[in-house]
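Residue strings, one per chain:
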Amino acid sequence: MSLPQRRITAPFDWGRFHSYRVFDEFLERFVLQRKSYITLHDGRLNLDAAWDDIEERFIAAADESSDVVFETKVLAQFDGASEETKIVFANVEYLWAMPMENISAAKKRSYAQRWFRDRETSSGERFFFNDPHTIANPGSWYLRNKYYEIVAALRVLKLVTREPGFTDVTALKRRIAEICHSAIYEGVPKGDTFAVEKVCGIHSALLHLADPDRYESIISASHRNQICAVFGHVVENPSPDLEVLLKQIRATLYPSHGVSEDPDFKYRWFFYSKDVRPLWIDKKTRKEQRVSSAIFDVRNEEEAADLEGAKDEVTGHRIRRSAKLVKAAKERDKYTCRACNFHFQDQIVHVHHLDPISEYKHPKDTKPQDLLTLCPTCHYLAHYWLRTDPQFKRLEVLLEMLKKLKPRCN
Ligand SMILES: [Zn+2]
Ligand SMILES: [Zn+2]
C-alpha cells in the first residue's frame, strides 16, 4: 500500500517585507538587548526605571485638554526627564508609527529628533519604506487616538520586558500575540499599569506583526466588523471567530477580487485594495453595503465574457465566462428578461449566473442552465437579494421574488 503523497509547502517568508523584518529587529534590539533602536545610543537601558518615570509623566500628569497638540504635551511632560526615559518613550512612539504607510519617514524619525541631534538618530530602512512594505493605512482615528495607542503599546512592552526568560524573538512574538489577542477579544485588566479602556488599533497591528500567518492586518475593530458583516455570507461555513472568518472571506473572494497576480498578495491584506474598499468602507448600513456589492457584482459579470481568453493575465482574478455561453443563453431566452419580460432590440439585457460565487471558483463548470437573461434592473435586484439570502441561488425562488417586485422600467 502506498502512502498518499504529501505536499509540503514552505512557510511564507514575511521577512521579505520590511515591516516584519524591522519589527523583529526592534524586538531583538529593544526588548531582548535593552538597547535603543531608533537612536544610536548603545548603552543598556534600565527599562524598569523608564516605565515608572513614563507612568508618572505621561499617565499621572496626563493633560486631558484637547486644544493642545500631542507634540506640545509630550515636550512639556518630558521636560527635564532623563535621557534614558526619552530614549525609551521615543522608541515606543516609533513602534506605534512604524508599520503605518500614511505616517511619513520624516515623522517617524522626528520622535527621536525632538530630543536628540540628527547624528544621534538612526536612519535607513527602519524609517523609509512604503507599500507593500508597510502593513496598513490606519485612518485618522488611529492618529487622533495616539495618546491611548501609545499607552496601550507601553503596556504590552512593559509586560514582556518584565517577564523573564525570553531568549529569542520567536517566543517573544508568541507572547505579544497572546497579550494583544486577549486585549482585543477579552479587554485589558483594569488594574494593569498603562491599562486603556478604549479600543486601540495598536493591539491589532502588533498582533498581526507578531503572527501574520494567523491574524489579518485589519487595524480597526470597526473595519473588522464591517468586513465580516458585508462579506460573511460568501463563506460556506462561517466561523464565529472573526479572525478565522476574515481568512475564510479572503480565501473565498481572492479568486474574484484579488487585483494582483503576485502570489505574495494572497498572504497580505486585500480588503483595502481599490476594487474591494468601496464595497465595505463607509457603508454604514447593511442595505448600503448590499447595494454597493450588487453594483460591483453586476459590473463584474457584465465584463466577464469580454475577459475570456487573451486578457487573462491582466484580469485573471475577475470572473471569466465563455462568450459563446453568454450568447447561447441570450438566444435561448430570446433577449428577454426572464423575470419581467423586458425586451429591446436584442440589446441591453444581461446574463446572470445563479451562483456567482461558484462561478468565480470554477468558471469552466458554468453550464447553460446556470445562466439566465435578466434586464439590468432585475439583475441588480437579483444580486441584492442574493446578498440577503443564499436561497436566491435557486431559479424558482429568484424568479418568484423578481416577479413579485415587478420592476416597472419597461
Ligand atoms: Zn448576475
Ligand atoms: Zn427584468
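Nothing here was measured: the structure is a model prediction, and the numbers come from that model.

The rules we used
Residues numbered from 1 in each chain as written. Chains lettered and ligands numbered in written order. Predicted model: local features only at pLDDT ≥ 70, side-chain atom pairs only at ≥ 80, totals over all residues. Heavy atoms only, no water. Salt bridge = Lys/Arg side-chain N within 4 Å of Asp/Glu carboxyl O. Helix = DSSP H or I, 4+ residues; strand = E, 2+ residues; numbered from the N terminus. Buried < 20%, exposed > 50% of the residue type's maximum accessible area, 1.4 Å probe, protein only. Domains from an automatic or database assignment. Contact = heavy atoms within 4.5 Å. Buried area = accessible area lost by both parts, 1.4 Å probe. Donors = N, O, S within 2.8 Å, 3.2 Å for Na, K, Ca; no water. Tetrahedral: all angles 85-135°; square planar, octahedral: opposite > 155°, others 65-115°. Axes fitted to C-alpha atoms, helices over the stretch in contact; angles between N-to-C directions. Left-handed = near helix turned anticlockwise from the far one by under 90°. Nonpolar A, V, L, I, M, F, W, Y, C, P; charged D, E, K, R; others polar. Core = buried A, V, L, I, M, F, W, Y, C linked by side-chain atoms within 4.5 Å. Patch = residues over 30% accessible without salt bridge, like charges linked within 9 Å, V, L, I, M, F, W, Y side chains within 5 Å. Areas by Shrake-Rupley, 256 points an atom, 1.4 Å probe, with all protein chains shown as cover. Parallel < 35°, antiparallel > 145°, perpendicular 65-115°, else oblique. Expected span 1.5 Å × (residues − 1). Bend = angle between axes of the 7 residues up to and from the residue.

Turning our attention to the pattern of salt bridges. Counting across every chain of the model gives 25 salt bridges. Linking Arg114 and Glu93 is a salt bridge whose minimum nitrogen-to-oxygen distance equals 2.8 Å. On the criterion of sequence distance, the pair formed by Arg114 in the loop between α5 (105–113) and α6 (140–144) and Glu93 in helix α4 (residues 83–97) is long-range, its members being 21 residues apart. Classification of Arg114 by relative accessible area gives buried; the value is 15%. The partner of Glu216 in a salt bridge is Lys247, and the shortest N-O contact between them spans 3.8 Å.

What follows deals with the domain arrangement of the chain. Domain boundaries assigned for the chain yield domain 1 (14–210), domain 2 (222–280) and domain 3 (286–405). Each partner contributes to the interface: domain 1 provides 13 residues, whereas domain 2 provides 8 residues. In total, about 900 Å² of surface goes out of reach between domain 1 and domain 2, with carbon and sulfur atoms giving 49% of it. Among the residues of domain 1 in contact with domain 2, Trp14, Phe17 and Tyr185 are the three that bury the most area, contributing 39% of the side total.

Within the protein, the zinc ion (ligand 1) binds to Glu301 (OE), His352 (ND1), His379 (NE2) and His383 (NE2); these donor distances fall in the range 1.7 to 2.0 Å. Around the zinc ion (ligand 1) sit 4 donor atoms, and with donor-metal-donor angles ranging over 90 to 138° the site reads as irregular. All donors of the zinc ion (ligand 1) come from a single chain, and their spacing in sequence reads E-x50-H-x26-H-x3-H. Placement of the pair is Glu301 in helix α13 (residues 286–304) and His352 in strand β1 (residues 350–353), with a sequence separation of 51 residues. Judged by its relative accessible area of 3%, Glu301 is buried. Residue His352 is classed as buried on the basis of its relative accessible area of 0%.

The description of two packed helices rests on the angle between their axes and on the distance between the axes. Close contact between helix α8 (residues 169–185) and helix α9 (residues 201–210) brings their axes to 8 Å; oriented N to C, the two are set at 145°. Considering the relative orientation of α8 and α9, their crossing is left-handed. Where α8 abuts α9, its residues Lys173, Ile176, Ala177, Cys180, His181, Ala183 and Ile184 lie against His203, Ser204, Leu206, Leu207, Leu209 and Ala210. Grouping the amino acids of the contact of α8 with α9 by side-chain chemistry returns 9 nonpolar, 3 polar and 1 charged.

Judged by nonpolar contacts, the single largest core of 71 residues is most densely connected at Phe23, Phe30, Trp51, Ile54, Phe58, Phe89 and Ile176. Mapped onto this core, the elements with two or more residues apiece are α1 (18–32), α2 (47–60), α3 (70–77), α4, α5, α7 (146–162), α8 and α9. The residues contacting Phe30, other than those within four sequence positions of it, are Lys35, Leu45, Leu47, Trp51, Val88, Asn91 and Leu157. Counting 22 residues, the second largest nonpolar core, distinct from the first, contains Val230, Leu246, Phe270 and Trp280.

The next subject is the coordination of the zinc ion (ligand 2). Coordination of the zinc ion (ligand 2) by the protein comes from Cys337 (SG), Cys340 (SG), Cys375 (SG) and Cys378 (SG), over a distance range of 2.2 to 2.3 Å. Note that the zinc ion (ligand 2) binds 4 donor atoms; their angles at the metal cover 104 to 119°, and the shape is tetrahedral. In terms of primary sequence, the donors binding the zinc ion (ligand 2) are separated according to C-x2-C-x34-C-x2-C. Relative accessible area serves as the criterion here: at 1%, Cys375 is assigned to the buried category.

So, on to a nonpolar patch on the surface. On the surface, Val291, Ile295 and Tyr380 cluster together into a nonpolar patch covering about 250 Å² of accessible area. Checked against the element boundaries, Tyr380 lands in helix α17 (residues 376–388). For Tyr380, a relative accessible area of 35% translates into the label partly exposed.

Moving on, we get to the packing of α1 against α7. Look at α1 against α7: their axes get within 10 Å of each other, and the N-to-C directions meet at 60°. Considering the angle they form, α1 stands oblique to α7. In this structure, α1 crosses over α7, and the sense of that crossing is right-handed. On α7, the residues that touch Phe26, Phe30 and Val31 of α1 are Leu157, Val160 and Thr161. Among the residues making up the contact of α1 with α7, the classes are represented as 5 nonpolar, 1 polar and no charged.

Here we take up α2. An α-helix turns once per 3.6 residues; consequently, residues spaced three or four apart project the same way. In a regular helix each residue adds 1.5 Å, so 14 residues correspond to 20 Å; α2 covers 18 Å between its end C-alpha atoms and thus fits that length. Where α2 bends most, at Ile54, the angle is about 25°. Along α2, the residues that are buried comprise Leu47, Ala50, Trp51, Asp53, Ile54, Arg57 and Phe58. Residues of α2 that are buried in the fold lie against α1, α3, α4 and α7.

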